[in-house]
Structure formats: C-alpha cells, structure tokens
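Architecture at a glance
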Amino acid sequence: MDDEAFIAAFEARAFPLEKWHHSDHIKIAYLYLLRHPLAEAIDKIRSGIQALNAQHKVPDAIDRGYHETMTQAWMRLVHCTLSEFGPAESADAFLDKHTQLLSKRALLLFYSRDRIMSAEAKAGFVEPDLTPLPAGRRARAIDLLD
C-alpha cells in the first residue's frame, strides 16, 4: 500500500484491529509529520487512533485503548528523527532506515514503567522521569522537503 492509500485507510478506519501494529502507528506518525506541524499532527493521530479504537470497540483499560503520553512521546521521537535525518522516499523506506523506532520498549529509555503506565500518563501527556525526550531542530518536518 502506498503512502496516500495508507493515510486514506487509516482515516477511513479500514484497518482490521489484528493488522494494526506498532509499526503502523509509527508510519502514520511519519506521514502526518510530513504534512502538518507537530501539534496538528498529534491532534490528527489522536483523533484517528481514538476513532479506530471506537470502531473496533477496544476496551479502555490502563494497558488497552488510547494512551496520550505514549502517542505524544512517539510523535516527538518520530519528529526528532525526521528533523535530524530528513524524509525518505516513502514511509516504509523511513522505517527501514530508522529501525530504532520499531522497538516498542524505546519509551522505557525516557520513562519508568510506573510513570508511563500510570492513569495520569494515559489520560494526558506527562514529561519523562528518566531523561528528557529529544527535540528536533525544526518546528515543521515539512520544511525539510523545500
């Protein structure tokens, strides 16, 4: 599936739950960050994940459903990677070049398990307690395409 079809499928909530994986979250993060400023990209991915979860009736528990801190932390890591290394020819190529983003445990470099799995972190963004998240050099990844 090419990038435009991937965005369309995500926005149409067309992904079966069993085929929606961490790598897909990172892929849509990258695609939104190419097209929107960070804050807007976060809003879009938040509403998209929440809509996909609602479509599939994903239960909301501490370890299931939408998690605000995880979403924002991953968006910031993808944003930083995109800002530092630039875009690739496709989202799949970007993931192939930056496999560190495919490790679900990467957030544990920044957050203790207790903090990231707290109700507070699930409901709203909380800053890391181990080390700060990196900041990219650019406010908008789309500027890299110019």
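Just so it is clear, the model here is predicted, and its values are computed rather than measured.

Structurally, the position occupied by Ala 91 is in helix α5 (residues 91-97). C-alpha of Ala 91 to C-alpha of Asp 2: the two residues are 89 residues apart in sequence and 8.4 Å apart in space. Excluding residues within four positions of it along the chain, Ala 91 makes contact with Asp 3, Lys 27, Tyr 30 and Leu 31.

Turning our eyes to something else, we now look at the packing of helix α1 (residues 3-11) against helix α2 (residues 22-35). Orientation of α1 relative to α2, taken along the N-to-C sense of each, is 110 degrees, at an axis distance of 11 Å. In terms of orientation, α1 and α2 fall into the roughly perpendicular class. Residues Asp 3, Glu 4, Phe 6, Ile 7, Phe 10 and Glu 11 of α1 touch α2, and the partners they reach there are Asp 24, Lys 27, Ile 28, Leu 31, Tyr 32 and Arg 35.

Helix length check: helix α4 (residues 68-85), at 18 residues, gives a terminal C-alpha distance of 26 Å against a target of 26 Å (1.5 Å per residue), a fit within 8%. Of all 18 residues in α4, 14 are buried; the element is thus mostly enclosed. One or two residues past the end of α4 sits Gly 86, with phi positive at roughly 85 degrees.

Our focus in this paragraph is the pattern of salt bridges. Taken as a whole and assessed by the stated rule, the structure comprises seven salt bridges. Measuring nitrogen to oxygen at the nearest pair gives 3.8 Å for the salt bridge that ties Glu 11 to Lys 44. Residue Glu 11 is found in helix α1, and its partner Lys 44 is found in helix α3 (residues 38-55); the two are separated by 33 residues along the sequence. Overall, the relative accessible area of 41% leaves Glu 11 in the partly exposed class. On the basis of relative accessible area, Lys 44 is assigned to the partly exposed category, the value being 29%. A salt bridge links Lys 97 to Glu 89; its shortest N-O distance comes to 3.7 Å. The two residues Lys 97 and Glu 89 agree in class, both being exposed. Each of the salt bridges in this network shares a partner with another, and the network as a whole consists of Asp 43, Arg 46 and Glu 68.

As a further point, take the nonpolar core. A general feature of soluble globular proteins is that nonpolar side chains tend to end up buried together. Counting residues in hydrophobic clusters, the biggest one holds 40 residues, and the most contacted among them are Phe 10, Ile 28, Tyr 30, Ile 45, Val 78 and Tyr 111. Every element with two or more residues in this core is listed here: α1, α2, α3, α4 and α5. Looking at which element gives the most residues to this core, the answer is α2, with eight residues. Discounting chain neighbours no more than four positions away, the residues touching Ile 45 are Phe 10, His 25, Ile 28, Ala 29, Tyr 32, Thr 71 and Met 75.

Attention shifts here to unusual backbone geometry. Leaving glycine out, the prevailing phi sign among residues is negative, and the prevailing peptide bond configuration is trans. Positioned with a positive phi, Arg 13 is a non-glycine residue whose angle comes to about 55 degrees. Here Arg 13 shows up in the loop between α1 and α2. Since its relative accessible area comes to 33%, Arg 13 is described here as partly exposed. Backbone geometry at Lys 57 places phi at a positive 55 degrees, although glycine is not the residue there. Considering the arrangement of structural elements, one finds Lys 57 in the loop between α3 and α4. You can call Lys 57 exposed: its relative accessible area is 69%.

About the thresholds
- Residues numbered from 1 in each chain as written.
- Predicted model: local features only at pLDDT ≥ 70, side-chain atom pairs only at ≥ 80, totals over all residues.
- Heavy atoms only, no water.
- Helix = DSSP H or I, 4+ residues; strand = E, 2+ residues; numbered from the N terminus.
- Contact = heavy atoms within 4.5 Å.
- Axes fitted to C-alpha atoms, helices over the stretch in contact; angles between N-to-C directions.
- Parallel < 35°, antiparallel > 145°, perpendicular 65-115°, else oblique.
- Expected span 1.5 Å × (residues − 1).
- Buried < 20%, exposed > 50% of the residue type's maximum accessible area, 1.4 Å probe, protein only.
- Salt bridge = Lys/Arg side-chain N within 4 Å of Asp/Glu carboxyl O.
- Core = buried A, V, L, I, M, F, W, Y, C linked by side-chain atoms within 4.5 Å.

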